[in-house]
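Residue strings, one per chain:
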Amino acid sequence: MTQAEVPQPISGIPMRWGGLTGQQLGWFGIGAILPYLLLRLRVPPELALLLSGPWIGTAVTLAFGRREGRRLDAWISDWIWFQTQPHRLLHPALQDHLDLGRYQQIDASARPSPAEDEGGRGSLPWVWR
C-alpha cells in the first residue's frame, strides 16, 4: 500500500542557502556593513574588528536567536510595537473629566447593592497610566 502525498504550501517554507534562511543571510549582510565601511576608510583591521565587534555580535544574535519559539528579531519588533501603543483605559462617560493619577469607577452610575456595601466590593477601578 502506497501512502498518499499530502499537498503543502511552498510559500510558507523558508528558502535555504547552505543551511541558512533568507532572514539569517540578511542579518549577516547587515552585520558586515560596519566592518566593510571601516576597512574601506582604511582603519587598521584590528581596530575595525574591535569597533565592529558589538555590531557583529548583535547581528549574529538576531540571526540565530529565538525567544518563546519565535525569531528574536520578530519578537523584539512586536515588543517595541506593543510598548509604543497607548495603554490608557478610557471610559466613554468619563472622557471629559480626565484626571491622571486617580482611580475611576468603571460604572459610576450604578449603585452598589447592599451585599456589595457590606463586603466593600463595588465596581472595579480603572487605573490611569
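Up top you'll find the structure we're talking about.
Within any chain, residue numbers begin from 1 and follow the written order of that chain's sequence. Per-residue local features of the predicted model are confined to residues with pLDDT of at least 70, and side-chain atom pairs are confined, for both listing and counting, to 80 or more; whole-chain, interface and lining totals are unaffected and use all residues. For side-chain calculations, the full set of non-hydrogen atoms in the structure is used, while hydrogens and water are omitted.

(A) A look at the side chain of Gln24. By definition, any uninterrupted DSSP run of H or I lasting at least four residues is a helix, any uninterrupted run of E lasting at least two residues is a strand, and each is numbered from the N terminus. Inspection of the secondary structure puts Gln24 in helix H1 (residues 22-40). Summary of the burial criterion: residues with accessible area below 20% of their type's maximum are buried, those above 50% are exposed, and those between are partly exposed, where the area comes from a 1.4 Å probe applied to protein chains only. Look at Gln24 and you get buried, because its relative accessible area is 13%. Polar contact is the term for a pair of N or O atoms within 3.5 Å; when the atoms are in protein, one must be able to donate a hydrogen and the other to accept it, and sequence-neighboring residues count only if both atoms are side-chain atoms. There is a polar contact of 3.5 Å between the side chain of Gln24 and the backbone oxygen of Ala63.

(B) Inspection of a nonpolar patch on the surface at higher detail. Exposure above 30% relative accessible area and the lack of any salt bridge qualify a residue for a patch; like charges then connect within 9 Å, and the nonpolar side chains Val, Leu, Ile, Met, Phe, Trp and Tyr within 5 Å. Every accessible area reported is derived by Shrake-Rupley at a probe size of 1.4 Å, with residue values counting cover from the shown protein chains alone. Every case where a carboxyl oxygen of Asp or Glu lies within 4 Å of a side-chain nitrogen of Lys or Arg is listed as a salt bridge. On the surface, a nonpolar cluster with roughly 490 Å² of combined accessible area is contributed by Ile30, Ile33, Tyr36, Leu37 and Trp55. Top element by residues in the nonpolar patch is H1. It accounts for four residues. Turning to its location among the elements, Leu37 is positioned in helix H1. Among the residues examined, Leu37 registers a relative accessible area of 44% and is labelled partly exposed.

(C) Focus on the side chain of Ser52. Relative to the assigned elements, Ser52 resides in helix H2 (residues 45-64). Residue Ser52 is classed as buried on the basis of its relative accessible area, which comes to 0%. With residues up to four places along the chain from it excluded, the contact list for Ser52 reads Leu34, Pro35 and Leu38. Only heavy atoms enter the contact rule, under which two residues are in contact if any of them lie within 4.5 Å.

(D) Broad picture of the environment of Ile76. Examined against the element boundaries, Ile76 turns out to sit in helix H3 (residues 72-84). Residue classification places Ile76 among the partly exposed positions, given a relative accessible area of 30%.

(E) Up close: the packing of H1 against H2. To get an axis, a line is fitted to the C-alpha atoms, and for a helix only the part in contact is used. The angle between two axes follows their N-to-C directions and goes from 0 to 180 degrees. Where H1 contacts H2, the two axes come as close as 9 Å, and the packing angle between them is 170°. Here H1 lies roughly antiparallel to H2, going by the angle between them. In the crossing of H1 with H2, the sense of the turn from one axis to the other is right-handed. Across the interface between the two elements, Gln24, Trp27, Phe28, Ile30, Gly31, Leu34, Pro35, Leu38 and Leu39 from H1 touch Pro45, Ala48, Leu51, Ser52, Trp55, Ile56, Ala59, Val60, Leu62, Ala63 and Phe64 from H2. Each residue is assigned to one class: nonpolar for Ala, Val, Leu, Ile, Met, Phe, Trp, Tyr, Cys and Pro, charged for Asp, Glu, Lys and Arg, and polar for all the others, Gly among them. In the contact of H1 with H2, the residues fall into 17 nonpolar, three polar and no charged. Comment on the angle field: the value is read as roughly parallel under 35 degrees, roughly antiparallel over 145, roughly perpendicular from 65 to 115, and oblique elsewhere. Should the near helix be turned counterclockwise from the far one by less than a right angle, the crossing is left-handed, whereas a clockwise turn marks it as right-handed.

Shape is all these values report; function is a separate question.
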